[in-house]
Amino acid sequence: MSLFRRIFSLNAAVLTVAALVLLFAPVTVSATARLAEALVILAGTAVTLVANAVMLRVGLSPLARLTRVMTTIDLLRPGTRLVARGQGEIAQLITAFNAMLERLETERASSAGRALSAQEAERHRIAQELHDEIGQTLTAVLLDLKRVARASPEPMRDQLLQVQESTRNSLDEIRRIARRLRPGVLEELGLASALRALAGEFTTAGLAVRRQIGSDLPVLPKEVELVLYRVAQESLTNAARHAAAQHVDLVLARQKDGGVRLCVRDDGRGLRGAPEGAGIRGMRERALLIGADLSVESGTPGGTSVQLTVPA
């Protein structure tokens, strides 16, 4: 039944019942309506309108459900679908909406994959240039400063040594940035060693990162290892910069079904109802690329818990 015929049938049914009540009910109306007769007519009209509203509400309830889903849908949380109940145009509309969601999720995952691949390639290029060009240039500057300092008088030598120390600190910072842009230890030594190095890098005087890496981890594809590393890196960055945390637990363990689960939990200030930023949405896009499930929640005693579950 089409939407027009459904609404017409509901209204016709209500009006027919009202007409039958007027025909067979012991109610009369004078040429000049009395107060009691007017009250009866008004009451009957009100009952008719209420009955019509209730029947229309029931008939159009699938559209209301569809509207609620359309206003709350998030392509970064795929899988939300409506059950196409009944027949006619409403069921066809819900089916078309579900098909549209399927296409949008597929296209978004594909475009996000291409964007993230381009981003990783650009990070690799920048890290290579920082390491090869700027790093070598600063290394040459350090050697020149060391040679000049040896041949300089004592007052000038102290100043050159300070400049040399500043240059060495800059070189270490550039190398640290290059490691974050391109995790070479991930390519060379694997995910477990890369996560241990990452935890050690974020461990400072004000932040203690406790790691627990399982020894029975399955062999994972390169793209899965990269997603796990990037999610751990982003979670530790958020804990260090925004959460004001003092302790962070990083756990990577094997699941019973053969998959892995990464959990990064801190004792910071928590989410506090704040909207998700670009970092968390980036983690969700990475999780979608490998079919993983990402949850970002406030911890029970406080803090934030990030869990990435990768199926077998």
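Report on the accompanying structure.

Thresholds applied
- Residues numbered from 1 in each chain as written.
- Predicted model: local features only at pLDDT ≥ 70, side-chain atom pairs only at ≥ 80, totals over all residues.
- Heavy atoms only, no water.
- Axes fitted to C-alpha atoms, helices over the stretch in contact; angles between N-to-C directions.
- Helix = DSSP H or I, 4+ residues; strand = E, 2+ residues; numbered from the N terminus.
- Parallel < 35°, antiparallel > 145°, perpendicular 65-115°, else oblique.
- Left-handed = near helix turned anticlockwise from the far one by under 90°.
- Contact = heavy atoms within 4.5 Å.
- Nonpolar A, V, L, I, M, F, W, Y, C, P; charged D, E, K, R; others polar.
- Core = buried A, V, L, I, M, F, W, Y, C linked by side-chain atoms within 4.5 Å.
- Buried < 20%, exposed > 50% of the residue type's maximum accessible area, 1.4 Å probe, protein only.
- Pairing = 2+ DSSP bridges.
- Right-handed = clockwise from strand over helix to strand, strands pointing away.
- Expected span 1.5 Å × (residues − 1).
- Bend = angle between axes of the 7 residues up to and from the residue.

### Regarding the packing of helix α3 (residues 61–72) against helix α4 (residues 89–150)
Relative placement of two packed helices is described by the angle separating their axes and the distance separating the axes. Axis separation between α3 and α4 bottoms out at 10 Å; the angle between their running directions is 15 degrees. With respect to α4, the element α3 is oriented roughly parallel. Here α3 and α4 pass one another in a crossing that is left-handed. Each of Pro62, Leu63, Arg65, Leu66, Val69 and Met70 in α3 lies in contact with α4, whose residues at this interface are Ile90, Leu93, Ile94 and Phe97. Of the residues in the contact of α3 with α4, the class split is 9 nonpolar, no polar and 1 charged.

### Things to note about the nonpolar core
Nonpolar side chains tend toward joint burial in soluble globular proteins. Core analysis: the biggest nonpolar cluster contains 37 residues, and Leu195, Leu228, Leu262 and Leu308 have the highest contact counts within it. For this core, the secondary-structure elements that each account for two or more residues are α7 (191–202), β1 (208–213), α8 (222–241), β2 (247–254), β3 (260–266), α9 (278–289), β4 (293–298) and β5 (304–310). In terms of residue count, the dominant contributor to this core is α8 (8 residues). Ignoring sequence-local partners within four residues, the contact set of Leu308 consists of Val227, Leu228, Val231, Val260, Arg261, Leu262, Ala287, Ala292, Asp293 and Leu294.

### A closer look at the environment of Gln136
With respect to the helices and strands, Gln136 occurs in helix α4. The exposure class of Gln136 is exposed, given its relative accessible area of 54%. Separated by 35 residues in sequence, Gln136 and Leu171 place their C-alpha atoms 9.2 Å apart.

### Details of the side chain of Ser235
Along the chain, Ser235 turns up in helix α8. For Ser235, a relative accessible area of 5% gives the class buried. Ignoring anything within four residues of it in the chain, the contact list for Ser235 reads Val264, Met283 and Val306.

### Observations concerning the environment of Val69
Along the chain, Val69 falls in helix α3. Val69 sits 126 residues away from Leu195 along the chain, and the two C-alpha atoms are 39 Å apart.

### Some words on the sheet that holds β5
The mixed open sheet is built from 5 strands, whose spatial order is β1-β2-β3-β5-β4. Of all strands in the sheet, those with a lone pairing partner are β1 and β4, marking the two edges. Each strand of the sheet is rotated relative to its neighbour by a mean of 10 degrees, with strand direction disregarded. Direction of pairing for β2 relative to β3: antiparallel, over a ladder of 7 bridges. Bridge assignment links Val248 to a residue of β3, and that residue is Asp266. The strands touched by α8 are β1, β2, β3, β4 and β5; relative to β3, the strand with the most contacts, the crossing angle is about 10 degrees. Along the sheet, α9 makes contact with β4 and β5, crossing β4 at roughly 155 degrees.

### Observations concerning the pairing of β1
The side chains of a regular strand alternate between both faces of the sheet. Bridging between β1 and β2 involves 6 bridges; their strand directions are parallel. Residue Val209 lies in a different strand from β2, and its bridge partner there is Val248. Handedness of the β1-α8-β2 crossover: left-handed.

### Considering α4
Taking 1.5 Å per residue as the helical rise, α4 with its 62 residues ought to reach 92 Å, and the 88 Å between its terminal C-alpha atoms agrees with that figure. The principal kink in α4, of about 30 degrees, is found at Gly135.

Honestly, that's just the spatial picture; any functional story needs more than this.
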